[in-house]
Amino acid sequence: KTIIHLEDIRKSYFIGKNALPVLKGIRIDIMLNEYVALMGPSGSGKSTLMNILGCLDSPTSGTYVLNGHDVSKMEDNDLAEVRNKEIGFVFQQFNLMPRLSALENVAVPLIYAGISKKTREERAMSMLEKVGLGDRYHHKPNELSGGQCQRVAIARALINDPALILADEPTGNLDTKTSVEIMEIFGQIHASGNTVVLVTHEEDIADHARRIVRLRDGVIESDHINEKQLVDS
Ligand code: ADP
Ligand code: ADP
């Protein structure tokens, strides 16, 4: 089953009257439970493509079907609904709320889903346990290490049981050892049935994925199975 279908996606930014074409015809299909690393030089369009995949921005033209929804034709309100239901985001900067505990941060997406406080806390707790942070549930972000903050962010991304996890440089602020631990968690997420798309410029990080897509100058330069994972699995 296809979860992401992109057909001739183009995106230009307009600076005054001048159009800057950034994505120049992206065509790709990603199947349910794939694990894809998106690579490419700075400025090649990775963030722009991730913003479109995440329904944070719309393409200038082209078709995007996400889990059966034709999102390329949606208005902002509908787009936000699809985004909340279908997608979990993980960012380089963690993007946690500083005054909330780990547990409260993880539970935030459930507030919008209208779930009771007790149930929110139970589900957030079991999610924190899943990422190995059950004993730190009451800590605030500034009392946690970078790796622990990223675990909280991953638990938050998973709490609505989204079909798709999008991660933009999730290990960009972490040391090598912590990065490996975080990538192990992404491996577990993938193994438990989620679809994962992550942006990285590090080959070692991309090597955790099953499929590696390279962008260059707004087009897909290469798209292949990661042979390393092929022999490991
Ligand atoms: P990458 O993530 O691969 O570094 P980006 O998608 O961030 O690439 O950027 C691709 C190009 O689009 C760059 O030249 C960047 O300066 C430009 N760009 C990105 N976002 C905007 C924006 N909001 N407005 C104008 N130009 C942008
Ligand atoms: P990354 O490190 O992921 O490649 P960038 O540093 O290229 O990200 O861009 C960070 C953010 O700034 C992106 O969301 C992008 O849309 C925006 N951006 C990048 N270039 C420009 C630009 N020339 N004008 C306006 N916004 C930009």
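Residues numbered from 1 in each chain as written. Chains lettered and ligands numbered in written order. Predicted model: local features only at pLDDT ≥ 70, side-chain atom pairs only at ≥ 80, totals over all residues. Heavy atoms only, no water.

*Asks:* Hey, could you go over the site of ligand 1 for me, with residue numbers and the actual values?
*Replies:* Close contacts around ligand 1 come from Tyr13, Val22, Pro41, Ser42, Gly43, Ser44, Gly45, Lys46, Ser47 and Thr48, and that covers them all. Ser44 has a polar backbone atom sitting 3.2 Å from an oxygen atom of ligand 1. Between ligand 1 and the protein, one listed contact pairs an oxygen atom with a backbone N or O atom of Gly45 at 3.0 Å. Counting residues per element, the shell around ligand 1 draws most heavily on helix H1 (residues 46–53), at 3 residues. Residue classes in the shell around ligand 1 are distributed as 3 nonpolar, 6 polar and 1 charged. (Near = heavy atom within 4 Å. Polar contact = N/O pair within 3.5 Å; in protein donor to acceptor, adjacent residues only side chain to side chain. Helix = DSSP H or I, 4+ residues; strand = E, 2+ residues; numbered from the N terminus. Nonpolar A, V, L, I, M, F, W, Y, C, P; charged D, E, K, R; others polar.)

*Asks:* Break down helix H2 (residues 76–86) for me, citing the residues and quoting the values.
*Replies:* If you check which residues of H2 are buried, you get Leu79, Val82 and Glu86. The buried side chains of H2 occupy one side of the element, clustering within an arc of 65° when seen end-on. In H2, the exposed residues that point more than 90 degrees away from the buried face are Asp76, Asn77, Glu81 and Lys85. Elements that come into contact with the buried residues of H2 comprise strand E4 (61–66), strand E5 (69–70), strand E6 (87–91) and strand E7 (164–168). (Buried < 20%, exposed > 50% of the residue type's maximum accessible area, 1.4 Å probe, protein only. Arc of directions from axis to C-beta. Contact = heavy atoms within 4.5 Å.)

*Asks:* Give a description of the packing of helix H3 (residues 102–112) against helix H5 (residues 146–158) that names residues and reports values.
*Replies:* H5 packs onto H3 with a crossing angle of 30° between their chain directions and a minimal axis gap of 7 Å. Considering their axes alone, H3 and H5 lie roughly parallel with respect to each other. Between H3 and H5 lies a crossing whose hand is right-handed. Counting all contacts with H3, which are made through Ala102, Asn105, Val106 and Pro109, the residues of H5 involved are Val152, Ala155 and Arg156. (Axes fitted to C-alpha atoms, helices over the stretch in contact; angles between N-to-C directions. Parallel < 35°, antiparallel > 145°, perpendicular 65-115°, else oblique. Left-handed = near helix turned anticlockwise from the far one by under 90°.)

*Asks:* Which residues make up the pairing of strand E10 (residues 219–225), and what values go with them?
*Replies:* Bridge count between strand E9 (residues 211–216) and E10: 6 bridges; the pairing is antiparallel. Considered in E10, the bridge of Val213 is made with Asp223. Remark: 2 residues form the turn of the hairpin made by E9 and E10, two consecutive strands paired antiparallel; Asp217 in that turn has positive phi of roughly 50°. (Pairing = 2+ DSSP bridges.)

*Asks:* I'd love a proper account of the layout of surface pockets, names of residues and values included.
*Replies:* By volume, the largest pocket amounts to about 510 Å³. Together, 19 residues line the largest pocket, and Asn84, Ile87, Phe89, Pro109 and Arg156 are the ones closest to its centre. Elements supplying a minimum of two residues to the lining of the largest pocket: H2, E6, H3 and H5. A per-class count over the lining of the largest pocket returns 11 nonpolar, 5 polar and 3 charged. Empty space within the second largest pocket amounts to approximately 150 Å³. In terms of lining, the second largest pocket is formed by Thr171, Gly172, Leu174, Thr176, Ser179, Val180, His201, Glu202, Asp204, Ile205 and His208. Going through the elements one at a time, helix H6 (176–191) and helix H7 (203–206) are the ones with two or more residues in the lining of the second largest pocket. Here the element with the most residues in the lining of the second largest pocket is H6; it accounts for 3 residues. Of the residues in the lining of the second largest pocket, the class split is 3 nonpolar, 6 polar and 2 charged. (1 Å grid on protein atoms, 1.4 Å probe; cavity = no way out; pocket = protein on both sides within 12 Å on 5 of 7 lines; lining within 4 Å. Points joined across faces, edges and corners; volume = space filled by probe spheres on them.)

*Asks:* Can you tell me about the sheet that holds strand E1 (residues 2–15), naming the residues and giving the values?
*Replies:* With respect to topology, 4 strands assemble into an open sheet ordered E2-E1-E4-E5, the strand pairing being antiparallel. This sheet does not close on itself; its edge strands, each paired only once, are strand E2 (18–31) and E5. Where E1 meets E2, 11 bridges bridge the pair, whose relative direction is antiparallel. If you follow Thr2 over to E2, its bridge partner there is Met31. Here H1 sits on the sheet and contacts E1, E2 and E4; the angle it forms with E1, its principal contact strand, is near 125°.

*Asks:* Give a detailed account of the nonpolar core, specifying residues and quantitative values.
*Replies:* Side chains that are nonpolar tend, in soluble globular proteins, to be buried together. Ranked by size, the top nonpolar core spans 40 residues in total, and within it Val106, Leu128, Val152, Ile154, Ile165, Phe186 and Ile189 carry the most contacts. Taken together, the elements giving at least two residues each to this core come down to strand E3 (35–39), H3, helix H4 (117–130), H5, E7, H6, strand E8 (195–199) and H7. For this core, the leading source of residues is H5, giving 7 residues. Discounting chain neighbours no more than four positions away, the residues touching Ile189 are Ile154, Leu158, Ile165, Asn194 and Val196. Membership of the second largest hydrophobic core comes to 29 residues, among which are Val36, Leu66, Leu164 and Leu166. (Core = buried A, V, L, I, M, F, W, Y, C linked by side-chain atoms within 4.5 Å.)

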